[in-house]
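# Coordinate analysis (summary)
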Amino acid sequence: MTSNAPVPYRPLGLLKNLLENLGFHVAYCYEDLVFVEHNAFLLRMEEKGEEVSLLFNSESDMDKREAIAAQFTTEGKAHNLIISFPGTYQMVPNEADGTIALAFQE
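Throughout what follows, the structure given in this document is the object of discussion. In every chain, residue numbers begin from 1 and rise along the written sequence. In view of the model being predicted, local features appear only for residues whose pLDDT reaches at least 70, and side-chain atom pairs are presented and counted only at 80 or more, with totals across whole chains, interfaces and linings using the full set of residues. With hydrogens and water stripped out, all remaining heavy atoms of the structure feed into the side-chain values.

### Some points on the pairing of strand 5 (residues 82-94)
Two strands are said to pair when DSSP picks up at least two bridges between them. Numbered from the N terminus, helices here are DSSP runs of H or I no shorter than four residues, and strands are runs of E no shorter than two. In the sheet, strand 4 (residues 51-57) pairs with strand 5 via six bridges, with the strands oriented parallel. What sits directly across from Glu-51, in strand 5, is Ile-82. The pairing of strand 5 with strand 6 (residues 99-105) spans seven bridges and is antiparallel. Across the sheet, residue Met-91 finds its bridge partner in strand 6, namely Leu-102.

### Here we look at the pattern of salt bridges
Within this document, salt bridges are pairs made up of a side-chain nitrogen of Lys or Arg and a carboxyl oxygen of Asp or Glu, the two lying within 4 Å of each other. Considering all chains together, one arrives at three salt bridges under this definition. Between Lys-16 and Glu-20 there is a salt bridge; the shortest N-O distance is 3.1 Å. Of this pair, Lys-16 and Glu-20 both sit in helix 1 (residues 12-21), four residues apart, roughly one helical turn. When a residue's accessible area, from a 1.4 Å probe over protein chains only, is under 20% of the maximum for its type it is buried; when over 50% it is exposed; and in between it is partly exposed. Lys-16 sits in the partly exposed class, given a relative accessible area of 42%. Look at Glu-20 and you get partly exposed, because its relative accessible area is 38%. Two residues, Glu-46 and Arg-44, come together in a salt bridge whose shortest N-O distance is 2.7 Å. For Glu-46, a relative accessible area of 22% translates into the label partly exposed. A relative accessible area of 11% means that Arg-44 is categorised as buried. Ionic contacts of the salt-bridge type, sharing partners, join the residues Arg-44, Glu-46 and Glu-106 into one network.

Structure (structure tokens):
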């Protein structure tokens, strides 16, 4: 069900509802990124609240991406969100300090 209410900047609550409706759970949030359990993809909140990017882990199953993207497009519309698919990301370990960086391939 769509609403005429404006989408807030960084709509974490809407994204959490969207993910739960699709059977996924938020694992972690950091600034504009929403990490999803199992790490097959993440969501990035863009400059406009209604714009959200779905980025797949470069190691995720390519055969499942299209179906997941279609689900996000449909569910996103129900939450007044515009979901785009700009590319993939890769998790790159930093051996010097034990942290992990994200490298986006857009």
